[in-house]
Amino acid sequence: MVQVSAFARTVFINILLVLFSVAASSCAIAANDTAVTGWIVPANSSFTTAKPLLQNAITTKIKSDLSHVRIEAEQNYWFIIDLSQYRKSSLSVIYTDNAYLSHINFYALDDDFSLLSTEQNDINPVINKVLPHQIYNNDGAHWAVVSARHNDIYWINIGLTTQQQFTELVNTKLRNFTLIIGLLLLCISIAGTVYILSHQTTSLYLLAYFGCILGEFLIAKGMLNYFSSEQLPLWFAKLQFSFQVLALAVISFCFQPLNHLLQ
């Protein structure tokens, strides 16, 4: 009976650890924004070369939902948004909830598709590294164009919201990020203290596990962008996957003592 109880308790703890790792790595906060629709044009070319394709797309293609778009590896995509239909709603911030795009640019165009500005007009340059965005507060801007590219097959989420809602989104993300980081550091501190005092192997496994989850979480949230080079997007997915594998390996080691209980 004691063996069964110990087995059930260990299985329960490990299930909680798996759920915690999934929650930590996939935690995302959605803004209270409007569903964005627009035209999608795949073209590996500069704006000047792609301009005729973009103008042709708005007359020949059907609008698509831009809130969740699958993009192919090494393919540049142009997303066209008609700002005039959102002007009455005071929606002026376009953002992409993907921290590791290998390339992203925002353009503001007038009625004739002439370029108005190529300068980044963001709320906070620091936030822009992990949540790329652009403010469109020019009354002459009729079209917003987002050029994005990823080195792997991935998903891109394009959102459109007001400046106030975007600020609330950023604050919510920062609050949740701080909360999860604090919780992980607390777990690491407790596991490390227990190991120092008791030298229990399980505590060492937990210390390694929470360290892996912390590394994975930081990578997933784009923290490496602050130390980035142009080649970083090529490696972030591999680094994140490596931490996931290490975390699962540590969990498997935690299960090994169960063999003694069942023998």
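The sections below set out a description of the structure shown in this document. (Residues numbered from 1 in each chain as written. Predicted model: local features only at pLDDT ≥ 70, side-chain atom pairs only at ≥ 80, totals over all residues. Heavy atoms only, no water.)

**Regarding the overall build of the protein**
Right, on to step 1. Helix and strand counts for the protein come out as seven helices and eleven strands.
Right, on to step 2. Burial statistics for the protein: of 263 residues in total, 38% are counted as buried.
Right, on to step 3. Partitioning the contacts of the protein with sequence separation of at least 6, the portion at a separation of at least 24 is 83%. (Helix = DSSP H or I, 4+ residues; strand = E, 2+ residues; numbered from the N terminus. Buried < 20%, exposed > 50% of the residue type's maximum accessible area, 1.4 Å probe, protein only. Contact = heavy atoms within 4.5 Å.)

**Focus on helix H2 (residues 47-60)**
Right, on to step 1. Relative to the 20 Å expected for 14 residues at 1.5 Å per residue, H2 spans 19 Å between its end C-alpha atoms, a close match to the ideal helical length.
Right, on to step 2. Restricting attention to buried positions, one finds in H2 the residues Phe47, Ala50, Leu54 and Ala57. (Expected span 1.5 Å × (residues − 1).)

**Concerning the environment of arginine 70**
Right, on to step 1. Relative to the elements of secondary structure, arginine 70 occurs in strand S3 (residues 69-71).
Right, on to step 2. Note on arginine 70: relative accessible area 42%, which makes it partly exposed.
Right, on to step 3. Note: C-alpha distance between arginine 70 and tyrosine 154 (84 residues apart in sequence) is 5.8 Å.
Right, on to step 4. Arginine 70 has contacts with Ile153, Tyr154 and Trp155, leaving out every residue within four places of it along the chain.
Right, on to step 5. Reaching out from arginine 70, the side chain makes a polar contact with the side chain of glutamate 72 at a distance of 2.6 Å. (Polar contact = N/O pair within 3.5 Å; in protein donor to acceptor, adjacent residues only side chain to side chain.)

**Some details on the sheet that holds strand S5 (residues 93-96)**
Right, on to step 1. Strand order in this open sheet of three strands is S8-S5-S11, and the pairing throughout is antiparallel. One side of each edge strand has no neighbouring strand; the edge strands of this open sheet are strand S8 (133-135) and strand S11 (158-161). The sheet shows a mean angle of 15 degrees between the axes of neighbouring strands, direction not considered.
Right, on to step 2. The pairing of S5 with S11 spans four bridges and is antiparallel. By the bridge assignment for S11, threonine 96 is matched with isoleucine 158.
Right, on to step 3. Contacting S5, S8 and S11, helix H4 (residues 163-198) runs over the sheet at an angle of about 35 degrees to S5. (Pairing = 2+ DSSP bridges. Axes fitted to C-alpha atoms, helices over the stretch in contact; angles between N-to-C directions.)

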